[in-house]
Amino acid sequence: MEVSNINIDASWKAILKDEFAAPYFSKLKEFLIEEKKLYNVYPPGNRIFAAFNHTPFDKVKVVIIGQDPYHGPGQANGLCFSVSDSVKKPPSLVNIFKELQTDLGIPIPQSGNLEPWADQGILLLNATLTVRANHPGSHQKKGWEQFTDAVIHKISEQKKGVVFILWGKYAQTKEALIDTNKHFILKAAHPSPLAGGAFFECRHFSKTNKLLEHNLIQPIDWRIEK
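My aim in this report is to walk through the structure given alongside it, one point at a time. All values reported here derive from a predicted model rather than from experimental measurement.

Definitions and cut-offs
- Residues numbered from 1 in each chain as written.
- Predicted model: local features only at pLDDT ≥ 70, side-chain atom pairs only at ≥ 80, totals over all residues.
- Heavy atoms only, no water.
- Phe/Tyr/Trp six-rings, centres within 6.5 Å; stacked < 30°, edge-to-face > 60°.
- Helix = DSSP H or I, 4+ residues; strand = E, 2+ residues; numbered from the N terminus.
- Buried < 20%, exposed > 50% of the residue type's maximum accessible area, 1.4 Å probe, protein only.
- Salt bridge = Lys/Arg side-chain N within 4 Å of Asp/Glu carboxyl O.
- Axes fitted to C-alpha atoms, helices over the stretch in contact; angles between N-to-C directions.
- Parallel < 35°, antiparallel > 145°, perpendicular 65-115°, else oblique.
- Contact = heavy atoms within 4.5 Å.
- Nonpolar A, V, L, I, M, F, W, Y, C, P; charged D, E, K, R; others polar.

1. Comments concerning the packing of aromatic side chains
Tallied over the entire structure, the rule returns 21 aromatic pairs. Their ring planes at 85° and their centres at 5.0 Å tell us that Trp12 and Phe52 sit as a pair that is edge-to-face. Highlighted residues: Trp12 in helix H1 (residues 10-15) and Phe52 in helix H4 (residues 50-54), separated in sequence by 40 residues. Residue classification places Phe52 among the buried positions, given a relative accessible area of 1%.

The following block contains the structure:
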């Protein structure tokens, strides 16, 4: 696959050039072409790499790992847990904002668009970057996980002092890719209501900022609406 044809920030294009040239990525591209002939696929093609375009490699200071994009119409915007402006907030995102309010006193925003976080250096990374409409998990084990595992490994290898936020058992499987001697890991239950409220009181927002400040890194302004 020609790297020049991929809509991704130049810093990531350089870091991940070997992944884009690998046989598995060509197979993944072929799979997506066939899927799009038969089904609606989310997010739109120009948003697949949105997390990377909002957060260039040199700006990454926090990573939040999700699993799949949202599979409902208009929901997925290329950032994990995020939806575009005017789209109803999914239950997991509602709980994230509830915890943010408890932790830092930030009012729950009207918008569920997490671009303000991404633009400050939070890589909002889903393990699988696409999904068939109304079929959660449909694009798992097609190559995306190999690609996003490489992303996590590159961050771990080439940066230091990054805060990795792992919500839920799936995200926590990625801990094996992270050098814990160089980076910080915060773990909690998934924010989904299916976790029975175990996510609440994790206070990961304030904890993240304390870790960043300890390393003389600008903390995150977690407000979505200023």
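2. Notes on the pattern of salt bridges
Following the criterion strictly, the structure yields eight salt bridges and no others. Of the charged contacts, one joins Glu35 and Arg132 as a salt bridge, the two residues approaching to 3.0 Å between their closest N and O atoms. Of this pair, Glu35 sits in helix H3 (residues 23-38) while Arg132 sits in strand E4 (residues 131-132), and the two are 97 residues apart along the sequence.

3. Some thoughts on the packing of helix H5 (residues 91-104) against helix H9 (residues 204-214)
Between H5 and H9, whose axes approach to 8 Å, the crossing angle comes to 60°. By the angle between their axes, H5 is oblique relative to H9. Counting all contacts with H5, which are made through Ile96, Glu99, Leu100, Asp103 and Leu104, the residues of H9 involved are His204, Phe205 and Ser206. Grouping the constituent residues of the contact of H5 with H9 by class yields four nonpolar, two polar and two charged.

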